[in-house]
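Descriptive structure summary
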Amino acid sequence: MKRLQRVAGLTSTAVAVAVLAGCHKKPEAAPEPVATPAFNADSARLAQEEAARRAAEDAARRRAADSAAAAQAEAARAATAAAAEMRTTLTSPVHFDYDQSTLRPDAQAALDAKIPILQANSDVMIRIDGNTDERGSDEYNLALGERRAAAAKQYLVQHGIADNRIETVSYGEERPVAQGSDESAWSQNRRDEFEITSGGQMLRRP
Amino acid sequence: MIRRAHLVRAVATCCLAAAPSIIHAQDTTFRGVTINGTYDPLRDKWGVVVLPVAGPQGDSVRAIVQRDLDFSDRFSIIAVDTSDVSALHARGTAAGLNYPLFARLAAAAVVEITPVPSGLHVALYDVAAAKVINVGEFSLPPTMGRDWRMAVHRTSDEIARWVTGQRGIAATRVAYMRGSVVHIVDSDGAGDIAIPTAENAMSPAWNPVGSSLAYTTYGLDSRLFVLDLATGRSRNIVSAGRNAIVQTPTFSPDGSTIVYARASESQGDLYAVTRDGGTSRRLTVARGAYNASPAFSPDGRRIVYVSNVLGRPELYVMDADGTGADVLTNYDFSENNYRSDPDWSPDGRQVAYQERIDGRFQIRTIPITGGTPKLLTSDGENEQPSWAPDARHLVFTSTRTGVRQLWVLDSESGRLRQLTRSGGSRLAAWSPRLEGPR
């Protein structure tokens, strides 16, 4: 990142020098009558010099345009990267303890990170999907998944996010992210997932 | 269809009866033709011989009937040497049976099935009384398919009634989920078919005549549907709306009403809706808790369901209008309790459910009047019990083979059989007796 910025800086200095050089030479050349035929030995040399000078100017202009486009692209890339980072923060899941729907400290921290992004992007709507591990009743887990989604939503609403911006749904134990019947799989599956349902195209920084 | 040949109560058979008694004194639907005996389900079964059946479908008919009677867990099928059929009949006659032979084989009854143009003619012989005690004719569809098998199952169930006074449960099916696909399989494990439904289906429940299934869909836009099995069409009855799901539907015994749970962000309550849809009526006020999995008592007056109103999932019984809720599973109170998935037995006497024991669910039954629950399983994890119409057999999900499969348990004798052979089978619902072609 830093190196790229330095290169961009050098390029703009070169552009400035080229522009100044052009301005300085022009008054010298202007009084010469354009239609006068060459009658001294210098005229051919002067014409050559003039052509070379114009070529250098063109090249400098092209370089300037190229570097401006590069800077713009770089800025866009940086904005995209920031948006992607915000999107990741917004959609990162939170996890729960066995048979619990209370928010653990790590879940609260994950939700705290989402709050400023949601506040800075009031057009963003999200959905929280509540999920359980495979233990527990298949059917009753659907109800308990709803409870988990509601726990995260309630926390966000308490921190100033409008209720109608957050939809909740339960998938119970029907959509595990980790297969297997051990605590490692179970702990990954006891989760709320977050999805941006609208307004997530141009996320602004808080 | 059934012609009663002899309205005589047969005397107790030598091999079974310790003391004569009437088995089903309360059964007034069909009198006078049962083979009597004192019956101990853990020890006694009626010995029965099914004679070879003639005709191109004869072997299939005999195999299905023998298996149906065996799966009823009230008969032991006695194999006979069929190489010399003449030995089975009384010397010099075609009609009379060689009763002394069958008595030596400890057979209480002999079933004789004869193909006739319309289907099957069945005669039931009482060995001890040395006579025919019932005959009947049963129509069969001309081609061997699902309907044909169901018609043979109905024949088996009627034979079971002639002998025991109680109809069998062979002419039933089990609806269940394989992953998120609804399946229906015959009670003997044959004829498994997938039923197209809306996406993310769950919790199929039979209507009381077995002509349709209620089910719900989970996830976004959760809905309750009623699927007409004749047309295959699903009709939307209830939509959960935003921030909620509907789940665990069940029909009232008269078929007029569906009770289901709606879980929202704040709580889960039970609602009632007519089978045709319309406005739902709220039955419970969970106050922050989640109520789900309702099941009616057979008289339709009460509902058992699961609730975590006291912190942990326990079973409760309330009146069908939502009043008078009281905890049913009030034994061994612990903050680790997890009791769910109740099903009320068709005789009204008990509720089957799952309880977490040492980290795994097992099937239990508890008398509806309260009292000591029985533990029915211990091998693997066992869940989601559903009663057969005989109030004796249960279908449930078990991991005992390593993957979830449906199993049938005789709650009287403890005998088990595996119903499905494809992994991921779960959430079984045993149908009512299926009266006509479906």
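Bear in mind that the values here come from a model prediction, so they are computed numbers and not experimental data.

Turning our attention to the domain arrangement of chain B. Residues and elements named next belong to chain B. Entries for chain B in the domain assignment read domain 1 (2-164) and domain 2 (173-430). Across the boundary between the two partners, domain 1 contributes eight residues, which contact nine residues of domain 2. Counting only elements with at least two residues in the side of domain 1 that touches domain 2, the list comes to helix H1 (58-71) and helix H3 (146-164). Counted by class, the side of domain 1 that touches domain 2 contains three nonpolar, no polar and five charged residues.

Below, the discussion takes up the packing of H1(B) against H3(B). All names here are of chain B. Where H1 meets H3, the closest approach of the two axes is 9 Å, and the angle between their N-to-C directions is 50°. Relative to H3, the element H1 lies oblique. The way H1 lies across H3 gives a crossing that is right-handed. Along its contact with H1, which presents Val61, Ile64, Val65, Asp68 and Leu69, the element H3 presents Arg149, Val152, His153, Thr155, Ser156, Ile159 and Ala160.

Residue and element names in this part refer to chain B. The four strands lie next to each other as S26-S27-S28-S29, forming an open sheet whose pairing is antiparallel. In this open sheet, the two strands that pair with only one neighbour each are strand S26 (382-387) and strand S29 (416-418). With direction set aside, neighbouring strand axes in the sheet form an average angle of 25°.

Turning our attention to helix H4 (residues 138-158) of chain A. Over its 21 residues, H4(A) runs 31 Å from end to end, which matches the ideal 30 Å to within 8%, given 1.5 Å per residue. Residue A:Gly160 follows H4(A) closely and has a positive phi angle near 95°.

For the rest of this paragraph, the subject is the pairing of strand S2 (residues 46-50) of chain B. Residues and elements named next belong to chain B. With five of five residues buried, S2 is to be regarded as a mostly interior element. Neither face of S2 is exposed, since Trp46, Val48 and Val50 on one face and Gly47 and Val49 on the opposite face are all buried. As judged from the three bridges shared by S2 and strand S3 (residues 75-77), these two strands associate in the parallel manner. Residue pairing for S3: glycine 47 is matched across the bridge by serine 76. Assessed by its sense of winding, the connection that carries the chain from S2 through H1 to S3 is right-handed. Bridge count between S2 and strand S4 (residues 109-116): three bridges; the pairing is parallel. Residue valine 48 lies in a different strand from S4, and its bridge partner there is alanine 109.

Calculation criteria
- Residues numbered from 1 in each chain as written.
- Chains lettered and ligands numbered in written order.
- Predicted model: local features only at pLDDT ≥ 70, side-chain atom pairs only at ≥ 80, totals over all residues.
- Domains from an automatic or database assignment.
- Contact = placed C-beta atoms within 7 Å.
- Helix = DSSP H or I, 4+ residues; strand = E, 2+ residues; numbered from the N terminus.
- Nonpolar A, V, L, I, M, F, W, Y, C, P; charged D, E, K, R; others polar.
- Axes fitted to C-alpha atoms, helices over the stretch in contact; angles between N-to-C directions.
- Parallel < 35°, antiparallel > 145°, perpendicular 65-115°, else oblique.
- Left-handed = near helix turned anticlockwise from the far one by under 90°.
- Pairing = 2+ DSSP bridges.
- Expected span 1.5 Å × (residues − 1).
- Buried ≥ 20, exposed ≤ 12 C-beta atoms within 10 Å, placed from the backbone.
- Right-handed = clockwise from strand over helix to strand, strands pointing away.

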